[in-house]
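Summary of the model geometry
Given next are the chains, with one letter for each unit.
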Amino acid sequence: MKKILLAIAAFLMLSAGLGAQEVLCTRNTGIVLDATPGRVPKIDYYGVRPEEADLASLRSPWSNSAEAYPTHNASSENLEALAVRMPDGNLSADLRVVSVHREGWDGGEILTISCRDPKYPLEVDIKYKSYYGQDVIGTWTEIRWNGTRKSKVVLTRFDSGCLPIRRGDVWVSSFGGSWAGEMSLFCQPLGPGVRTVFNKDGIRNSQTSHAEVMISLDGKPQELSGRVIGAALCYPGNFELRFETGDSRYESVHRFYAGIDPSNSNYSLAAGETFVTPELVYSWSDEGLSGVSRNFHSWGRKYRLAHGGKVNDILLNSWEGVYFDINEEGMHRMMKDIADMGGELFVMDDGWFGGKYPRKDDHSSLGDWVVDRNKLPGGVGGLVEEARRDGIKFGIWIEPEMANTKSELYEAHPDWIINAPGRDIVQGRGGTQVVLDLSNPAVQDYVFGVFDGIMTANPDIAYIKWDANMSVPSQGSQYLGNQEHLYIEYHRGLAKVLDRIRAKYPDVAIQACASGGGRVNWGILPWFDEFWTSDNTDALQRVYIQWGTSYFFPAEAMAAHIGASPNHTTGREIPLKFRIDVAMSARLGMELQPSAMTQEERDKCRKAIGEYKEIRDIVQLGDLYRIVSPYDGKGLATMLYASPTKDRAVYFWYRTEYFHANTVPAARMAGLDPSRNYRVRELDREGRPLSFEGKLFSGRFLMENGLDIPSANTAPGPHRDFASHVLYLQAE
Ligand code: GLA
């Protein structure tokens, strides 16, 4: 009924000479567009779901409206979302609305605004897709060239979308970092000029900057209050996000653009061809940054992650325990150890393969995916069988997009690697690593074959860690004619391979790893169950890395492993309890040599793994409330996961630095039901019980007043530093 009324209203407006309004709503949000035939399409509004009275008033010319997909014609003083070179050299494009189409899908609706250039055979469908229950709106474009045979239009910029954001005290939270220091948070107010966030690695598109940003509309970003828009470009390759703010005070909006990075990557669109840009998704919430995170987590679990909504296994990975020193006896021992501590899966990392060139270190063998029988006489099959006997699952590491120049694969197919014509080969990790050219269908078959070969020989393998440790170097395809297409065709090729793998192996769990957290992006995750968050397992730095990562990615997918002390990356010594407590706040695992642990340490881990199993569904599938940020410099980080019905919750409290006689604020919670009572029990407890252990408190008290936690570590041992507590709250 409501829809019919809206349609009638739109018709009446049109006949009265007003703009044709299109509205797409989610449960709590809405976007309003002007899609009047013959005019440039505009976004009039995005934010809290408008009421009918608002809609009647919210129509062009509306003060804050801006082009939905700016081109270099209508808006020559602004940046473009679409830039072209027409066959005759004309650099302008003019998009006018031709028609509007709406269709339903299971989770909401898709709105298509079809536009065309009045002078050239260029057509663009601008798409908006509502994910109703998650308060997420996706947008992308489909660009078509209907020119004469053999004619081509060159796309020199082809963003997925553009969103106007009302000016005011707007702040942007973005993420950057490096190997072993991924997803650090940076917050800045948005001022005049252009602010760019980009990644040009070619493969590890989240190792440095990330394709996700939070835009806080009410001043400095707050976790639990204020209006925030989150945006994520779902693309695994090079990207560019741009914020444009004019100098003029009369300009009422910032413009946010996001898309594939076009540098060295112009796209020549042939007659009859359609270029589909990757989906850019937005979410709006008035419950602060955490509110947007919860929307992205539930959207990701429901629509993006492979097997989203299922809890992931507790595992031991061999990497930091033995590095390349793989042997059968050692693997057997590690499997027994993790089984004994209550784990569910063992993953054999790098170092298990190589024929003519056995993999001893990172200088050789990538590409030669045959088991090294000197190290593993019983083969992979023997290990899978041993894991079965231990009552756990088995997983294995591969890096199938890569080769070493010291490999049988490279000797047979030097033409399969990416290398600019006439240039020396750029070799990466170990001085001999190269990237295979996935634009080449023969390479696609080979990469599929690596996965397929391992799984066919060992159908009981339950988990694959898929790594990628190099950028696309000295750009050049030995297969493609048009070198500008390599970045795009690489990712199309990768998508084809992963589609084939998922069609044949829908159930196997796959972890996305790329030198640690280099593939944490919603464009790649649909084929994966989880990601390796960072090669840095230092629990203190992990508090920061996991905090940033949780802005857009759910704990279900965030692998967090207990590492050794001193830590292999930072050299820092951290008590086991703190290391456990940090790993428990995401998908718990271990990354060390259990045989180097004392019996007491193993017992602690066994107990913690048992307790994690009690709370795993809340952590991995619950609603996250980040409360005190480690980035705020208070020496503290706290957060809470609540079950969807708020009958159970887990609260994490980490002291990130300790100064004597410095008090910390009371441990206030969030996300609980104020009208229910919760009994508090500490998990992974060491030392004497806290004063509130086993007591009952109302949700209101826990949120308004909080509990008193001593500001120093009270556990036995030398450390006052690194206090941490995990509190389990159960409603009665
Ligand atoms: C990358 C990964 C690590 C490990 C090594 C193996 O660095 O991030 O976790 O798998 O490769 O070589």
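Parameters and conventions
- Residues numbered from 1 in each chain as written.
- Predicted model: local features only at pLDDT ≥ 70, side-chain atom pairs only at ≥ 80, totals over all residues.
- Heavy atoms only, no water.
- Helix = DSSP H or I, 4+ residues; strand = E, 2+ residues; numbered from the N terminus.
- Rg over C-alpha atoms; globule rule 2.2 N^0.38 Å.
- Buried < 20%, exposed > 50% of the residue type's maximum accessible area, 1.4 Å probe, protein only.
- Contact = heavy atoms within 4.5 Å.
- Areas by Shrake-Rupley, 256 points an atom, 1.4 Å probe, with all protein chains shown as cover.
- Lys, Arg positive; Asp, Glu negative; His and termini not counted.
- Charge placed at Lys NZ, Arg CZ, Asp CG, Glu CD.
- Near = heavy atom within 4 Å.
- Polar contact = N/O pair within 3.5 Å; in protein donor to acceptor, adjacent residues only side chain to side chain.
- Nonpolar A, V, L, I, M, F, W, Y, C, P; charged D, E, K, R; others polar.
- Phe/Tyr/Trp six-rings, centres within 6.5 Å; stacked < 30°, edge-to-face > 60°.
- 1 Å grid on protein atoms, 1.4 Å probe; cavity = no way out; pocket = protein on both sides within 12 Å on 5 of 7 lines; lining within 4 Å.
- Points joined across faces, edges and corners; volume = space filled by probe spheres on them.
- Pairing = 2+ DSSP bridges.
- Axes fitted to C-alpha atoms, helices over the stretch in contact; angles between N-to-C directions.
- Salt bridge = Lys/Arg side-chain N within 4 Å of Asp/Glu carboxyl O.
- Parallel < 35°, antiparallel > 145°, perpendicular 65-115°, else oblique.
- Left-handed = near helix turned anticlockwise from the far one by under 90°.
- Expected span 1.5 Å × (residues − 1).
- Arc of directions from axis to C-beta.
- Core = buried A, V, L, I, M, F, W, Y, C linked by side-chain atoms within 4.5 Å.

Moving on, we come to the overall build of the chain. Counting secondary structure elements, the chain contains 13 helices and 36 strands. Scaling as 2.2 N^0.38, a compact globule of 732 residues should have a C-alpha radius of gyration of about 27 Å, and the chain matches this with 27 Å. Of all 732 residues assigned to the chain, the portion counted as buried reaches 63%. When contacts within the chain are restricted to residue pairs at least 6 apart in sequence, long-range pairs at least 24 apart make up 70% of them. Only carbon and sulfur atoms are counted for the fraction: they give 50% of the accessible area of the chain, which is about 26400 Å². Each charge sign in the chain was given a centre, from 79 positive and 94 negative side chains, and these centres are 3 Å apart.

This part is about the site of the ligand. Neighbouring residues of the ligand: 13 residues in total, closest Asp-349, Asp-350, Lys-465, Gly-516 and Asp-535. Asp-350 has a polar side-chain atom sitting 2.5 Å from an oxygen atom of the ligand. At 2.8 Å, a side-chain N or O of Lys-465 approaches an oxygen atom of the ligand. For the ligand, the protein covers 97% of the area, taking 300 Å² as the surface of the free molecule. Here the shell around the ligand is built from residues that sort into four nonpolar, three polar and six charged.

A word on the packing of aromatic side chains. On inspection of all chains with the given rule, the structure shows 33 aromatic pairs. Centre to centre, the rings of Trp-319 and Tyr-323 are 4.9 Å apart; their planes meet at 75 degrees, and the pair counts as edge-to-face. The class of Trp-319 is buried, set by a relative accessible area of 15%. An aromatic cluster is present here, built from Trp-105, Tyr-131, Phe-175, Phe-296, Trp-299, Tyr-303, Trp-522, Phe-531, Tyr-551, Phe-552 and Phe-553 joined pairwise through their rings.

According to the stated counting rule, one finds four cavities of 30 Å³ or more in the structure shown. Along the wall of the largest cavity there are 15 residues; nearest its centre are Val-543, Gln-546, Trp-547, Ser-585 and Met-639. The residue makeup of the lining of the largest cavity, split by class, is 10 nonpolar, four polar and one charged. In this structure, the second largest cavity occupies an estimated 70 Å³ of space.

Moving on, we come to the sheet that holds strand 32 (residues 636-642). The antiparallel open sheet is built from six strands, whose spatial order is 31-32-33-36-34-35. Edge positions in the sheet fall to strand 31 (623-628) and strand 35 (696-698), since each has one partner strand and no second. For this sheet, the mean angle separating the axes of adjacent strands, direction not counted, is 25 degrees. Taken together, the three bridges between strand 34 (residues 677-683) and strand 35 define a ladder with antiparallel strand orientation.

Side chains that differ in charge, positive against negative, can pair when their charged atoms come close. Enumeration over the complete set of coordinates arrives at 47 salt bridges. A salt bridge links Glu-686 to Lys-604, with the shortest nitrogen-to-oxygen separation between them at 2.7 Å. You can see Glu-686 sitting in the loop between strand 34 and strand 35 and its partner Lys-604 sitting in helix 12 (residues 599-621), a full 82 residues away along the chain. The class of Glu-686 is buried, set by a relative accessible area of 18%. Taken together, the salt bridges that share partners define one network made up of Lys-336, Glu-385, Glu-386, Arg-388, Arg-389 and Asp-390.

Turning our attention to the packing of helix 8 (residues 441-457) against helix 9 (residues 486-504). Orientation of helix 8 relative to helix 9, taken along the N-to-C sense of each, is 25 degrees, at an axis distance of 9 Å. Our classification of the angle between helix 8 and helix 9 gives roughly parallel. The handedness of the crossing between helix 8 and helix 9 comes out as right-handed. Every residue of helix 9 that contacts helix 8 at Gln-444, Asp-445, Val-447, Phe-448, Phe-451, Asp-452 and Thr-456 is listed here: Gly-493, Lys-496, Val-497, Arg-500, Ile-501 and Lys-504. Tallied by class, the residues present in the contact of helix 8 with helix 9 amount to five nonpolar, three polar and five charged.

With 13 residues, helix 5 (residues 328-340) should reach 18 Å at 1.5 Å per residue; the first-to-last C-alpha distance of 18 Å fits that figure. Where helix 5 is concerned, the buried positions are Gly-330, Met-331, Met-334, Met-335, Asp-337 and Ile-338. The buried residues of helix 5 occupy an angular sector of 165 degrees when projected down its axis, which confines them to one face. Directly beyond the C-terminal end of helix 5, a positive phi value near 95 degrees is found at Gly-342.

So, about the nonpolar core. Ranked by size, the top nonpolar core spans 129 residues in total, and within it Trp-352, Phe-394 and Trp-466 carry the most contacts. Top element by residues in this core is helix 8. It accounts for eight residues. If you look at the next biggest cluster of nonpolar residues, it comprises 58 residues, including Tyr-69, Val-124, Leu-190 and Ile-215.

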